[in-house]
Amino acid sequence: MCGVILSDTVYLAMGLGALGAAVVPRLVFKRPLSMPMVFLAAGAIVAALPLPVPTVDPVRDRLWVEHATELCVIVSLMGAGLALNRPFGRRAWGGPWRLLGISLPLTIAGTALIATLLLDWPPALALLIAAVLAPTDPVLAAEVRVGEPTDEEDDEDEVRFALTAEAGLNDGLAFPFVLAALALATAAGDGWSADWIGRWLLIDVLVKIAAGVAVGIVTGRLLGRMFFRAQTNALRLSEHMEGFVALGATFLAYGTAELLHGYGFLAVFVTACTIRAAERSHGYHRVLHEFTEQIERLLTVCLLFLLGGFLVAGGLQALPWQGAVVAVLLVFVVRPAAGWLGLIGFAAEPREKTVTAFFGIRGIGSLFYLAYGLGHSEAFAADARQLWSVVAFTVLLSVVVHGAAATPVIRRLDRLRHSSPPPP
């Protein structure tokens, strides 16, 4: 009887969540709120009530958490890539390249240093938490990323474009540092060793990034040719406007890259950008994007609801005050400073650089990386609860701070941009 009630409660929660995923974004539009804030709070409130609602323990349910967050991230990456209309280029993508090449390593280094000093963690553990928390999340950054596909490159303002492209690419570039933490723990335990660095640079950095990019380019070009220029009408899917094809492209790119030992996250984003480049002005991109956005929203609602329940059910019990300080410093000091340093010399307004540097949102991607890291090394098992507490608190802080600030800040930036006189 209890099992029947539990099953019925889950169906009820899923129904309310699906309806809420459609309604809440419209209710919070133009308000200092975000959908992640609402559903995180809803999960916390429901978990605090005497209701038979299951809660997720990421230590006990690590494998489930890893795959659920993995699915959410890759769907989000496909949507982000399809939204971008700006062609690849050294200058056109100057902002994202700087955020990836300068700001990301600085964020990892700064976070690892703070974790070592405040928590007295060994190098491998400090590097793991830094790599997990460093990347800007493609899932929860909806308020500050490029929206639906547009026909004009100028419709993508520099802040939204830089944050969207950064979120799309930095998952593939943060992964090597997660693997570096695993390699360091295997080589030196709680100490330090440099024996792993050569193989890490060759395999985990160069080979896996190259494989992910290559798979993305090849898959995107083949699918782009099929979607828009296939000789057979049944294969020219752009004429049939089937949105679920976006999932096929997502899984195809991700699975191929992972089987070839490349970075699947990177392959999915590059695939999406390459498909967009095949026929930039075609309306089919909007169909694909809208489908991925709906699936992403449903997955995000579910995961944030469960995260809220985890926080109330004891998810922060293992959080030391030093871990909370690490999260606060990351959100308010380390990422903004690293972002600003990375954008020095970039041709953008100071206020745009400030906003871009500040909105390094932490979210579902961090949950995946931690679940992955804990599942691929026994070295961190003793610290799993504390790691989950630090990461969960950081995501909570980011959801609240960035969620409350995103709408008013971006709207003000848009007003200033439109009211400013055009450059001479």
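Parameters and conventions
Residues numbered from 1 in each chain as written. Predicted model: local features only at pLDDT ≥ 70, side-chain atom pairs only at ≥ 80, totals over all residues. Heavy atoms only, no water. Helix = DSSP H or I, 4+ residues; strand = E, 2+ residues; numbered from the N terminus. Buried < 20%, exposed > 50% of the residue type's maximum accessible area, 1.4 Å probe, protein only. Contact = heavy atoms within 4.5 Å. Phe/Tyr/Trp six-rings, centres within 6.5 Å; stacked < 30°, edge-to-face > 60°. Lys NZ or Arg CZ within 6 Å of the ring centre and 35° of its normal. Core = buried A, V, L, I, M, F, W, Y, C linked by side-chain atoms within 4.5 Å. Patch = residues over 30% accessible without salt bridge, like charges linked within 9 Å, V, L, I, M, F, W, Y side chains within 5 Å. Areas by Shrake-Rupley, 256 points an atom, 1.4 Å probe, with all protein chains shown as cover. Salt bridge = Lys/Arg side-chain N within 4 Å of Asp/Glu carboxyl O. Lys, Arg positive; Asp, Glu negative; His and termini not counted. Charge placed at Lys NZ, Arg CZ, Asp CG, Glu CD. Axes fitted to C-alpha atoms, helices over the stretch in contact; angles between N-to-C directions. Parallel < 35°, antiparallel > 145°, perpendicular 65-115°, else oblique. Left-handed = near helix turned anticlockwise from the far one by under 90°. Nonpolar A, V, L, I, M, F, W, Y, C, P; charged D, E, K, R; others polar. pLDDT = per-residue confidence, 0-100. Polar contact = N/O pair within 3.5 Å; in protein donor to acceptor, adjacent residues only side chain to side chain.

**Some details on the overall build of the chain**
Regarding its fold elements, the chain presents 14 helices and zero strands. Reading the chain from its N terminus to its C terminus gives the helix and strand order α-α-α-α-α-α-α-α-α-α-α-α-α-α. Dimensions of the chain, computed from the C-alpha atoms along their principal axes, are close to 60 × 55 × 50 Å. Expressed as a percentage of its 424 residues, the buried residues of the chain come to 53%. Counted over contacts in the chain with a minimum sequence separation of 6, partners at least 24 positions apart contribute 82%.

**A few points about the packing of aromatic side chains**
Each aromatic ring pair is characterised by the separation of its centres together with the angle its planes make. The full count for this structure, using the stated rule, is 21 aromatic pairs. Between Trp93 and Phe161 the ring centres are 5.1 Å apart and the planes differ by 85°, which places this aromatic pair in the edge-to-face class. Here the residue Trp93 occupies a position in the loop between α3 (62-83) and α4 (94-119), and Phe161 occupies one in helix α6 (residues 158-188), the gap between them amounting to 68 residues. When the ring of Phe175 is compared with that of Phe368, the centres are 6.1 Å apart and the planes differ by 80°; the resulting orientation is edge-to-face. Of the two residues, Phe175 is situated in helix α6 and Phe368 in helix α13 (residues 364-375); the sequence distance between them amounts to 193 residues. By relative accessible area, Phe368 is classed as buried at 2%. Cluster of aromatic residues (ring-pair linked, three or more members): Phe175, Tyr254, Tyr263, Phe265, Phe368, Tyr369 and Tyr372. For the cation-ring pair, Arg86 lies above Phe161, with the distance from its terminal atom to the ring centre recorded as 3.8 Å. Across the ring face of Trp340, the terminal group of Lys353 is positioned such that the distance to the ring centre comes to 6.0 Å.

**Remarks on the nonpolar core**
Membership of the largest hydrophobic core comes to 101 residues, with the highest contact counts inside it found for Trp121, Phe227, Leu307, Phe380 and Leu387. The biggest single contributor to this core is α6, with twelve residues. When sequence neighbours within four positions are dropped, the list of residues in contact with Phe227 reads Leu235, Arg236, Leu237, Ser238, Val245, Ile275, Tyr284 and Leu288. Counting ten residues, the second largest nonpolar core, distinct from the first, contains Val144, Val355, Ala406 and Ile410.

**Structural notes on a positive patch on the surface**
Side chains of Arg351, Arg411, Arg412 and Arg415 sit close together on the surface and give a patch of like positive charge. Considering each element in turn, the positive patch owes the most residues, three residues, to helix α14 (residues 384-419). In this fold, Arg412 is placed in helix α14.

**With respect to the packing of α4 against α6**
For the pair α4 and α6, the least separation of the axes is 9 Å and the interaxial angle reads 50°. Compared by their axis directions, α4 and α6 come out oblique. Relative to α6, α4 is oriented so that their crossing is right-handed. On α6, the residues touching Pro96, Trp97, Leu99, Leu100, Leu104 and Ile108 of α4 are Phe161, Ala162, Ala165, Glu166, Leu169, Asn170, Leu173, Ala174 and Phe177. A breakdown of the residues in the contact of α4 with α6 according to their chemical character gives 13 nonpolar, one polar and one charged.

**Digging into unusual backbone geometry**
In the Ramachandran plot, Asp120 falls in the positive-phi region, its phi being about 55° despite a non-glycine side chain. By the element assignment, Asp120 lies in the loop between α4 and α5 (123-133).

**Some points on the packing of α3 against α6**
As a packed pair, α3 and α6 sit with axes 10 Å apart at the nearest point and diverge in direction by 135°. Between α3 and α6, the angle is such that the two are oblique. Of the two possible hands of crossing, α3 and α6 adopt the one that is left-handed. For the pair α3 and α6, the contacting residues are Val73, Leu77 and Ala80 in the first and Thr164, Ala167, Gly168 and Asp171 in the second. Here the contact of α3 with α6 is built from residues that sort into four nonpolar, two polar and one charged.

**With respect to a nonpolar patch on the surface**
A contiguous nonpolar patch, built from Ile102, Leu106, Trp340, Leu341 and Ile344 and spanning about 440 Å² of accessible area, is present on the exposed surface. In this fold, Leu106 is placed in helix α4. Taking relative accessible area as the criterion, Leu106 reaches 36% and is therefore assigned partly exposed.

**Structural notes on the pattern of salt bridges**
One pass over the structure, following the stated rule, counts eight salt bridges. Linking Arg62 and Glu66 is a salt bridge whose minimum nitrogen-to-oxygen distance equals 2.5 Å. One end of the pair, Arg62, and the other, Glu66, are both in helix α3, four residues apart, so they sit about a helical turn from each other. According to the relative accessible area criterion, Glu66 is buried, its value standing at 7%. The partner of Arg335 in a salt bridge is Glu166, with the nearest N and O atoms 2.6 Å apart. Placement of the pair is Arg335 in helix α11 (residues 321-342) and Glu166 in helix α6, with a sequence separation of 169 residues.

**Comments concerning the confidence of the model for the chain**
Scored by pLDDT, the chain has a mean of 86; 90% of the residues are at 70 or more. With pLDDT under 50 throughout, residues 1-6 is counted as low confidence; its partners more than four residues away or in other chains account for three contacts.

**Describing the environment of Ala181**
The residue Ala181 is located in helix α6 in this model. A sequence separation of 106 residues divides Ala181 from Val287, and the C-alpha atoms of the two residues are 40 Å apart. Setting aside residues no more than four positions away along its own chain, Ala181 makes contact with Ala124, Leu127, Leu128 and Phe380.

**Some thoughts on the side chain of Glu66**
Among the polar contacts made by the side chain of Glu66, one reaches the side chain of Arg62 at a distance of 2.5 Å. For Glu66, the contacting residues outside a window of four places in its chain are Phe368, Ala371, Tyr372 and His376.

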